[in-house]
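Overview (structure and organization)
If you want the building blocks of each chain, they are given just below.
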Amino acid sequence: MRAIPRDPSPDSTLAFLLDGYRFISTRCDRYGSDVFQTRLLFEPTICLRGAEAARIFYDTERFQRSGAIPGRAQKSLFGVDGVQVLDGAAHRVRKRLLLSLMTPDRTGEVADRFGQRWRSAVDDWARRGTVVLHDEVAELLCRTACEWVGIPLPEKEAPLRTADLTAMIKGPAAVGPTYWRGRRARRRGERWVGGWLDAVRAGACRTPAGSGLQVIGEHREPDGRLLDRKVAAVELLNLLRPMVAVSRYIAFAALALHRQPRWRDRLRDSDEDVELFVQEVRRFFPFFPAAAALVRRDFDWAGYHFPRGRRVLLDVYGTNRDPRLWPRPGVFDPDRFRNWRGSPFTFIPQGGGDHLLGHRCPGEWLTIDLMKVAVAAMTRWMTYEVPAQDLRVDGMPAGVHSGMILSAVRPAAARPPPDAPMAVPSTASSHGTLRGMAGAFLLLTEPC
């Protein structure tokens, strides 16, 4: 076996936080290898990049998720004992539970409700004149998600719940006050949804049949016991929080429209171009930097030895920008998806491999549909200007620094009425090919 190239730093945690999304790719280029080892949080860690690395990483016989995600991420972002940290039969049972909520008809309703809320919001934005798009969309998504899962959300409560779900997303990669806000938001969120779970189990409230609140609240494990209340709260938040996170992708889409104004005219008239544009936003902009797993048992690959129990990180962002897979990866070019037929290992913004049995997230279809609604809204239902602001993409998780400020917002003359049914722009070939890989199901917006 060849020795895996080793980064000489005693510990690379600070470098990872500083270099962010380019940490793995930069060192892969430095060592001329798609594999290198380092230390993160003082633990030996192997880092991988590329399609073949993704193919190995998402092999559930070789890797496990249990024990791979640091406790600080579970205590703010994911929650303890959620689907993201399960393996084997336990993972399949939990995923089947969540998949039962994600039929195309139900998720189509989500996109429809989101579109209606956006159209209604445009009038309010026009009265105010200037808005921070990320913040406004996050609240629209929060309201839509709560309605979808069956949790009543009073008007005055929506800003608090949106802020808490957003804080959970920001928490794990932060230190100091931001991290602790994420921890507090997690505790408050679990108490909030836990109260609704208690009410459902006690028969004290009515919730729509088949809603997330009803299905998770009444779910029984294989041994006949109700799902543990705390775990049920974690999984219910796993339906809400990822939807709010889509606001980051939508802000990236607005930034791409600002930087590529020629696409605005194309997107007004072509549903296929909306699809291509959304896919390129997902490839081009950073969302998840890496995915983590532990080696399940000793194995050899590409001349390297992977010892049992070793933590491994797959470079998600770097694989989506690998020049061997994506010509001119630093150029925003939606047309690259026009004849693309899809691969579960070359395009991995929300995980790779098999959607149904592995840890790739089928919820990317819901993400795509929500983004398509947003792109249609920004190009067909409203007009606006982009004033001078800080448009850097930074942070981890990354976002537009200013939140994407829009001014002079006005409804477009041809905007549909707020209560009109929302037809998500039709599916193009790349989406259809990938949906075929996933079956008819959807899940969360992060790998699970």
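All of these numbers come straight from a predicted model, not from anything done at the bench. (Residues numbered from 1 in each chain as written. Predicted model: local features only at pLDDT ≥ 70, side-chain atom pairs only at ≥ 80, totals over all residues. Heavy atoms only, no water.)

1. Details of the pattern of salt bridges
Put simply, the test is: Put simply, a salt bridge is a Lys or Arg side-chain nitrogen that is within 4 Å of an Asp or Glu carboxyl oxygen. Working definition: helices are DSSP H or I runs of at least four residues, strands are E runs of at least two. Numbering for both runs from the N terminus. Relative accessibility thresholds used throughout: buried, under 20% of the residue-type maximum; exposed, over 50%; partly exposed, between the two (1.4 Å probe, protein chains only).
Taken as a whole and judged by the stated rule, the model has 39 salt bridges. With a shortest N-O distance of 4.0 Å, Glu61 and Arg297 are connected by a salt bridge. Residue Glu61 is found in the loop between α3 (51-57) and β3 (63-64), and its partner Arg297 is found in the loop between β5 (290-295) and β6 (299-301); the two are separated by 236 residues along the sequence. Relative accessible area serves as the criterion here: at 52%, Glu61 is assigned to the exposed category. Taking the shortest distance from any N to any O, the salt bridge between Arg338 and Glu272 comes out at 3.5 Å.

2. So, the pairing of β5
For clarity, the threshold we go by: We call two strands paired when DSSP finds no fewer than two bridges between them.
Along β5, five of the six residues are buried, which leaves the element largely enclosed by surrounding structure. Direction of pairing for β3 relative to β5: antiparallel, over a ladder of two bridges. Each bridged residue has a counterpart across the sheet, and for Gln64 the counterpart in β5 is Leu294. Bridging between β5 and strand β8 (residues 311-315) involves five bridges; their strand directions are antiparallel. Looking at β8, one finds that Ala292 is bridged to Leu313.

3. Regarding the sheet that holds β8
For the record, the criterion: Two residues form a contact once any of their heavy atoms are found within 4.5 Å. Working convention: axes come from line fits to C-alpha atoms, limited for helices to the stretch in contact. Angles between N-to-C directions cover 0 to 180 degrees.
What the five strands build is an open sheet, ordered β1-β2-β8-β5-β3; its pairing is mixed. Strands with a single pairing partner mark the edges of an open sheet, and in this sheet they are β1 (35-40) and β3. Both β1 and strand β2 (residues 43-48) contribute to a ladder of six bridges, which runs antiparallel. Across the sheet, Val35 pairs through a bridge with Leu48, a residue of β2. Seen against the sheet, helix α2 (residues 23-31) touches β1, β2, β5 and β8 and runs at an angle of roughly 130° to β1.

4. Considering the sheet that holds strand β4 (residues 131-132)
Spatial strand order, β4-β12-β9: three strands in an open sheet with antiparallel pairing. On the outer flanks of this sheet lie β4 and β9 (382-385), each paired with one strand and no other. Bridge analysis of β4 against strand β12 (residues 405-411) gives two bridges, and the strand direction is antiparallel. Paired with Val132 across the two strands is Ile405, which belongs to β12. Most of the contacts of helix α6 (residues 104-128) go to β12, to which it runs at about 110°, and overall it touches β4, β9 and β12.

5. Observations concerning a positive patch on the surface
Note the cut-off: Without a salt bridge and with relative accessible area above 30%, a residue can belong to a patch; like charges are then joined within 9 Å and nonpolar side chains (Val, Leu, Ile, Met, Phe, Trp, Tyr) within 5 Å. Calculation of accessible area relied on Shrake-Rupley with a 1.4 Å probe; when residues are assessed, cover is drawn exclusively from the protein chains displayed. Here the positive residues are Lys and Arg and the negative ones are Asp and Glu; neither His nor the chain ends is included. Here the site of a charge means atom NZ of a Lys, CZ of an Arg, CG of an Asp or CD of a Glu.
A cluster of like positive charges, contributed by Lys170, Arg181, Arg184, Arg187 and Arg191, occupies part of the molecular surface. You can see Lys170 is positioned in helix α8 (residues 158-170). The class for Lys170 is partly exposed, based on a relative accessible area of 39%.

6. Digging into the packing of aromatic side chains
Short version of the rule: Only centres within 6.5 Å qualify two rings of Phe, Tyr or Trp (six-membered ring in Trp) as a pair; their planes then separate them into stacked at under 30 degrees, edge-to-face at over 60, and tilted for everything else. Only when the NZ atom of a Lys or the CZ atom of an Arg is both within 6 Å of the ring centre and within 35 degrees of the ring normal do we say a charge sits over the ring.
For the structure shown, the criterion picks out 26 aromatic pairs. Ring geometry for Trp326 and Phe337: centres 5.5 Å apart, planes at 45°, overall tilted. Taken together, the residues span a long stretch of sequence, with Trp326 in the loop between α14 (316-320) and α15 (364-381) and Phe337 in the loop between α14 and α15 at a distance of 11 residues. Cluster of aromatic residues (ring-pair linked, three or more members): Phe57, Tyr58, Phe63, Phe299, Trp301 and Phe306. The ring of Trp381 carries Arg119 above its face, with NZ or CZ at 4.9 Å from the centroid. In this arrangement the basic side chain of Arg321 is found over the ring face of Phe284, its NZ or CZ atom lying 4.4 Å from the centre.

Purely geometric numbers; function is a separate question.
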